[in-house]
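What follows is each chain in one-letter form.
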Amino acid sequence: MATTYEPIASQTLGASAASVTFSSIPGTYTDLVLVCMIKSTGAASSSGGTARFNTDSGSNYSHTILYDVGSIRGANNDRVRMFGDIPTGAFANAIVQIMSYANTNVNKTFLSNYGEAGSGISRIVGLWRSTAAITTVTLYSNDGGADSFASGSTFSLYGVKAA
Amino acid sequence: MATTYELIASTTLGSTTTGIYFGSIPQTYDDLVVVVSSRSNQTGGFSDLNILFNTTSTTPGVTGYSQRHLQGSGSAASSATLSNYAVNAIQPAAGNTTSTYGSTEFYIPNYTGSSNKSVSFTCVHETNDTTAYIRAGAALWSNTSAITAISIFGSSLADFVSGTSAHLYGITKA
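Residues numbered from 1 in each chain as written. Chains lettered and ligands numbered in written order. Predicted model: local features only at pLDDT ≥ 70, side-chain atom pairs only at ≥ 80, totals over all residues. Heavy atoms only, no water.

Undergrad: Looking at this structure, how should I read the overall build of chain A?
TA: On a plain count of helices and strands, chain A comes out with zero helices and 12 strands. Order of helices (α) and strands (β) in chain A, N terminus to C terminus: β-β-β-β-β-β-β-β-β-β-β-β. Relative to the 2.2 N^0.38 estimate, which gives 15 Å for 163 residues, the radius of gyration of chain A is 15 Å and therefore close to what a compact globule would have. Evaluated residue by residue, chain A yields a buried proportion of 51% over its 163 residues. Nonlocal contacts in chain A, meaning residues at least 24 apart in sequence, comprise 75% of its contacts between residues at least 6 apart. Carbon and sulfur atoms provide 49% of the accessible area of chain A, an area that totals close to 6300 Å². Charge centroids of chain A, computed over 9 positive and 9 negative side chains, lie 5 Å from each other. (Helix = DSSP H or I, 4+ residues; strand = E, 2+ residues; numbered from the N terminus. Rg over C-alpha atoms; globule rule 2.2 N^0.38 Å. Buried < 20%, exposed > 50% of the residue type's maximum accessible area, 1.4 Å probe, protein only. Contact = heavy atoms within 4.5 Å. Areas by Shrake-Rupley, 256 points an atom, 1.4 Å probe, with all protein chains shown as cover. Lys, Arg positive; Asp, Glu negative; His and termini not counted. Charge placed at Lys NZ, Arg CZ, Asp CG, Glu CD.)

Undergrad: When you look at the environment of Gly115(A) in this model, what are you seeing that I'm missing?
TA: Locating Gly115(A) in the fold gives a position in strand S9 (residues 108-116). You can call Gly115(A) buried: its relative accessible area is 6%. Between the C-alpha atom of Gly115(A) and that of Lys161(A), which follows or precedes it by 46 residues, the distance is 26 Å. When sequence neighbours within four positions are dropped, the list of residues in contact with Gly115(A) reads Ala92(A), Asn93(A), Gly120(A), Ile121(A) and Ala138(B).

Undergrad: Where do I start with the sheet that holds strand S6 (residues 70-77) of chain A in this structure?
TA: Paired through backbone hydrogen bonds, the strands of a sheet run either parallel or antiparallel to each other. Residue and element names in this part refer to chain A. Pairing is antiparallel across the open sheet formed by eight strands, whose spatial order is S1-S12-S3-S8-S9-S10-S5-S6. The open sheet has two free edges, formed respectively by strand S1 (5-12) and S6, since each of these has just one partner strand. Each neighbouring strand pair of the sheet contributes to a mean axis angle of 15 degrees, computed without reference to strand direction. Where strand S5 (residues 61-67) lies against S6, six bridges are found, and the strand directions are antiparallel. Looking at S6, one finds that Leu66 is bridged to Ser71. (Pairing = 2+ DSSP bridges. Axes fitted to C-alpha atoms, helices over the stretch in contact; angles between N-to-C directions.)

Undergrad: Would you mind going over the pairing of strand S2 (residues 19-22) of chain A with me for this structure?
TA: Consecutive residues of a regular strand have side chains that alternate between opposite faces of the sheet. Residue and element names in this part refer to chain A. Here S2 shows one buried face, formed by Val20 and Phe22, and one open face, formed by Ser19 and Thr21. Relative to strand S11 (residues 137-140), S2 runs antiparallel, the two being bridged by four bridges. In the strand pairing of S11, Ser19 is matched with Tyr140.

Undergrad: Explanation requested: the interface of chain B and chain A in the structure shown.
TA: A common way to report how large an interface is uses the accessible area buried once the components associate. Tallying the contact residues gives 28 residues for chain B and 27 residues for chain A. The junction of chain B with chain A conceals about 2300 Å² of combined surface from both sides, 63% of it contributed by carbon and sulfur atoms. When the area that chain B buries against chain A is broken down by residue, the three leading residues are Arg68(B), Leu70(B) and Lys173(B), summing to 26%. Applying the counting criterion to the chain B and chain A interface returns zero salt bridges. Applying the counting criterion to the chain B and chain A interface returns six residue pairs in polar contact (both at pLDDT 80 or more). Looking at the side of chain B that touches chain A residue by residue, the class counts come to 13 nonpolar, 12 polar and three charged. (Buried area = accessible area lost by both parts, 1.4 Å probe. Salt bridge = Lys/Arg side-chain N within 4 Å of Asp/Glu carboxyl O. Polar contact = N/O pair within 3.5 Å; in protein donor to acceptor, adjacent residues only side chain to side chain. Nonpolar A, V, L, I, M, F, W, Y, C, P; charged D, E, K, R; others polar.)

Undergrad: Got a minute to help me understand the pattern of salt bridges in this structure?
TA: Pairs can form between side chains of opposite charge once their charged atoms are near each other. All names here are of chain A. Summed over the entire model, instances satisfying the criterion amount to one salt bridge over all chains. For the salt bridge of Asp78 with Arg52, the shortest nitrogen-to-oxygen distance reads 3.6 Å. Of this pair, Asp78 sits in the loop between S6 and strand S7 (80-81) while Arg52 sits in strand S4 (residues 50-53); the two residues are 26 residues apart in sequence, bridging distant segments of the chain. With relative accessibility at 13%, the residue Arg52 sits in the buried group.

Put into structure tokens, the structure is as follows:
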């Protein structure tokens, strides 16, 4: 039977890190799934975890967030919100689905399911206004601040193939 | 290449049953996914769907569990917290559209690790009505034991109806 949900790469932090990168992502799948267990090092981040694709730091990102006390819309940002506020005391979960990541006819979108029982939950839809195939994903624990992902945080990337 | 999203166990009920139990869960994966299609025979418009770890109990109200969830009803959104109960989702009940089951997915990362165990879940209540619920939640089992068993059950007042199913998958990372 063909394998349809394949592990591509995974990282477990042995020390804190300001960012985590998956590069050289093969273009042979249909969608990507990113599964994370994450914790922050510093004071609880007030701006949430973010991401960039293909190291693009232009104002090409936008997002809409539903979270437990409201909703937020962001546009024309230089990175996209992918996680909610990352806690320091417990690990939060994130399951991110990046659809049609290698399709060069469409801008790239993702859905993020994020939550931690003590600090909050978020459902995020994000947009990268680029038709380039995604070959690199860089994750940050904040929106440009000094916090880092804490040691023990894990990141697993999977490729999903359509029929 | 090793299979990474692998079916561990599956149950489909042929009669009214209090709960579904997955025991002796292999410790060889990284994450677990539990997919449930369920309906309760409880009177009313919705019912609880609960899971507990490392127990055969089908009674909620257990210390060590906490959660926060977002919920929409079709006309309003709300958020709530829950503690010392179970991982708590919702499912259709006897007052909802017949022959209609709710869908729930529980994702449990790092289930064999030595940290407290977190759960991400999404459930849809499913009924042809102006009020139907979707719930998105984050739960925590404050226990550092590896998960070796999962008990899936409804409200303490009712059972699952025939046709309810649950499937347990193991996920292996690269």
